[in-house]
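Here is how the chains run, residue by residue.
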Amino acid sequence: MSKRKIIIDCDPGHDDAIAILMAIISPKLDLLGISVEAGNQTLEKTGKNALNIVSYLGKDIPVSLGRGYPLKRKPQICAEIHGESGLDGFTFPNYDKQFDKRDAVAFLKDILLENDKVTLVPTGPLTNIALLIKEHPEVKSHIDEIVLMGGSIGHGNVTPAAEFNILCDPEAAEIVFNSGLKVKMIGLDVTRKVLVLPEIISRMEKYQNKASIMFTALMKVFNENQKKIFGFSGAPLHDPATIVSLLDEETIHFEYMNVEIDVSGGPSYGRTNCDQFNFLKRKPNAYVATKINKDRYWDVVEDCIKRY
Ligand code: RIB
Ligand code: CA
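Residues numbered from 1 in each chain as written. Chains lettered and ligands numbered in written order. Predicted model: local features only at pLDDT ≥ 70, side-chain atom pairs only at ≥ 80, totals over all residues. Heavy atoms only, no water.

(A) Main features of the environment of Pro 236. In this structure, Pro 236 sits in strand E8 (residues 235-236). For the pair Pro 236 and Val 190, spaced 46 residues apart in sequence, the C-alpha to C-alpha distance is 9.2 Å. Beyond its immediate sequence surroundings of up to four residues, Pro 236 is in contact with Thr 191, Arg 192, Val 194, Leu 195, Phe 222 and Gln 226. (Helix = DSSP H or I, 4+ residues; strand = E, 2+ residues; numbered from the N terminus. Contact = heavy atoms within 4.5 Å.)

(B) Representation of the pairing of strand E1 (residues 4-10). Among the seven residues in E1, five count as buried, and that is most of the element. Crossover handedness for the path E1 to helix H1 (residues 14-25) to strand E2 (residues 29-36): right-handed. (Buried < 20%, exposed > 50% of the residue type's maximum accessible area, 1.4 Å probe, protein only. Right-handed = clockwise from strand over helix to strand, strands pointing away.)

(C) Molecular detail of the site of ligand 1. Close contacts around ligand 1 come from Asp 11, Asp 15, Asp 16, Asn 40, Thr 123, Met 149, Asn 157, Glu 163, Phe 164, Asn 165, His 238 and Asp 239, and that covers them all. One nitrogen or oxygen atom from the side chain of Asn 40 is found 3.0 Å from an oxygen atom belonging to ligand 1. Within the complex, 96% of the 270 Å² of free accessible area of ligand 1 lies under protein. Put simply, the parts of the chain that give the shell around ligand 1 at least two residues each are H1 and helix H6 (164-168). When its residues are assigned to classes, the shell around ligand 1 shows two nonpolar, five polar and five charged. (Near = heavy atom within 4 Å. Polar contact = N/O pair within 3.5 Å; in protein donor to acceptor, adjacent residues only side chain to side chain. Areas by Shrake-Rupley, 256 points an atom, 1.4 Å probe, with all protein chains shown as cover. Nonpolar A, V, L, I, M, F, W, Y, C, P; charged D, E, K, R; others polar.)

(D) Broad picture of the coordination of the calcium ion (ligand 2). Asp 11 (OD), Asp 16 (OD), Asp 16 (OD), Thr 123 (O) and Asp 239 (OD) make up the full set of protein donors to the calcium ion (ligand 2), lying at 2.2 to 2.6 Å. Written as a sequence motif, the donor residues of the calcium ion (ligand 2) are D-x4-D-x106-T-x115-D. Here the residue Asp 16 occupies a position in helix H1, and Thr 123 occupies one in the loop between strand E4 (118-122) and helix H5 (127-135), the gap between them amounting to 107 residues. The exposure class assigned to Asp 16 is buried, which follows from its relative accessible area of 1%. (Donors = N, O, S within 2.8 Å, 3.2 Å for Na, K, Ca; no water.)

(E) Inspection of the packing of aromatic side chains at higher detail. Counted by the stated rule, this structure contains seven aromatic pairs. Ring geometry for Tyr 56 against Phe 90: centres 5.0 Å apart, planes inclined by 75°, an arrangement best described as edge-to-face. With Tyr 56 in helix H2 (residues 43-57) and Phe 90 in the loop between helix H3 (79-82) and helix H4 (104-114), the pair connects residues that are 34 residues apart, well separated along the chain. One exposure class covers both Tyr 56 and Phe 90, and it is buried. On the basis of an interplanar angle of 55° and a centroid distance of 6.0 Å, the ring pair of Phe 277 and Phe 279 is categorised as tilted. Given a relative accessible area of 63%, Phe 279 falls into the exposed group. Three or more aromatic residues link up through ring pairs in this structure, and these residues are Tyr 56, Phe 90 and Phe 92. The aromatic ring of Tyr 287 is capped on one face by Lys 182, whose charged end is 5.2 Å from the ring centroid. The cationic tip of Lys 184 hangs over the ring face of Phe 254; the distance from NZ or CZ to the ring centre is 4.7 Å. (Phe/Tyr/Trp six-rings, centres within 6.5 Å; stacked < 30°, edge-to-face > 60°. Lys NZ or Arg CZ within 6 Å of the ring centre and 35° of its normal.)

(F) Quick look at helix H7 (residues 170-177). The buried fraction of H7 is high, at six of eight residues. All of the buried residues in H7 are Pro 170, Glu 171, Ala 172, Ala 173, Val 176 and Phe 177. Buried residues along H7 sit against H5, strand E5 (143-149), H6, strand E6 (183-186), strand E9 (252-261) and strand E11 (286-292).

(G) The nonpolar core, seen in detail. Formed by 65 residues in total, the largest nonpolar core has its most connected members in Met 214, Phe 215 and Ile 243. Every residue in contact with Phe 215, bar those within four places of it in the chain, is listed here: Ile 18, Val 196, Ile 200, Ile 201, Met 204, Leu 237, Val 301 and Ile 305. Ile 146, Ala 173, Val 183 and Ile 261 belong to the second-largest nonpolar core, a separate cluster that totals 32 residues. (Core = buried A, V, L, I, M, F, W, Y, C linked by side-chain atoms within 4.5 Å.)

(H) Looking closely at the environment of Gly 47. Position of Gly 47 among the secondary structure elements: in helix H2. According to the relative accessible area criterion, Gly 47 is buried, its value standing at 0%. Sequence separation between Gly 47 and Ala 289 is 242 residues; the distance between their C-alpha atoms is 29 Å.

(I) Structural detail: the environment of Asp 303. Inspection of the secondary structure puts Asp 303 in helix H12 (residues 294-305). The exposure class assigned to Asp 303 is partly exposed, which follows from its relative accessible area of 29%. C-alpha of Asp 303 to C-alpha of Asn 52: the two residues are 251 residues apart in sequence and 23 Å apart in space.

(J) Focus on the pattern of salt bridges. A full pass over the atoms with the stated rule returns 16 salt bridges. We note a salt bridge from Asp 110 to Lys 109, for which the minimum N-O separation is 3.1 Å. Lys 117 is paired through a salt bridge with Asp 144; the nearest N and O atoms lie 3.3 Å apart. Within this pair, whereas Lys 117 is found in the loop between H4 and E4, its partner Asp 144 is found in strand E5, the two being separated by 27 residues in sequence. (Salt bridge = Lys/Arg side-chain N within 4 Å of Asp/Glu carboxyl O.)

(K) Here's a closer look at unusual backbone geometry. The backbone phi angle of Lys 117 is positive, close to 50°, even though this residue is not glycine. Not every positive phi belongs to a glycine, and Lys 281 is a case in point at roughly 55°. Overall, Lys 281 belongs to the exposed group, its relative accessible area being 65%.

Okay, structure coming up:
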């Protein structure tokens, strides 16, 4: 069976790191490249983290930097969850991998024009993807679908209304959701159901390979920080849900509906208004995740970790 071609656009970030770890090792996926944006930390830190992750895991995946700030609003980071480095809890050796010479938009454009049926997997703010679609509409025919972590049908995780990735750049999200491309939105409604509980850490820790070691170290800090803020008994492992949905289509259930991004700048700025019951009779524009099979989710994560 031919591998599915994907590109990850991310802001590593503890959960981004696990999504990359899974995409690198899965025999079902061909990770063509990684583009990075600011989000969980500044671009300088998220970029360095991306280089370190692929170097540590031993796969020479090209990594390209975005511009480091949103289309319109002021930048924000999430150091309270991801720490000063953006990947607190794990120290990498010094590597000499360099960034791709192209900026993220040129990098993404070139890879897409060289390939067909590519799945874009954004796990951070959507700035790079929005700029790509706006500046190079010719790439749209090369994109199979966009499978993103972001948004929520219910309440947010940064404001009562908004989830972090969307709130970081609502105007970019509006461009992506209205692009006419197939968008699959995996939001907090399902990712809050897959918590990295202590028994999950023990389950992955037992392999003691490089993936297991990195997972364990990162998740222990991720958990501590999430507990301080949300009181969770385990951190929601958000970003890998994108990869899990590609590796086991039965794990996550989607419903097709209209999603409108609030770009009003008011108290609901950055909210994904998901019209699950079609109140407004608008044309659906996204497949929104509404259910997740927790057992299958962790089976897929474990299957990737033990392959290292
Ligand atoms: O709201 C969760 C999302 O914001 C995840 O992608 C996490 O890495 C942060 O980027
Ligand atoms: Ca992320």
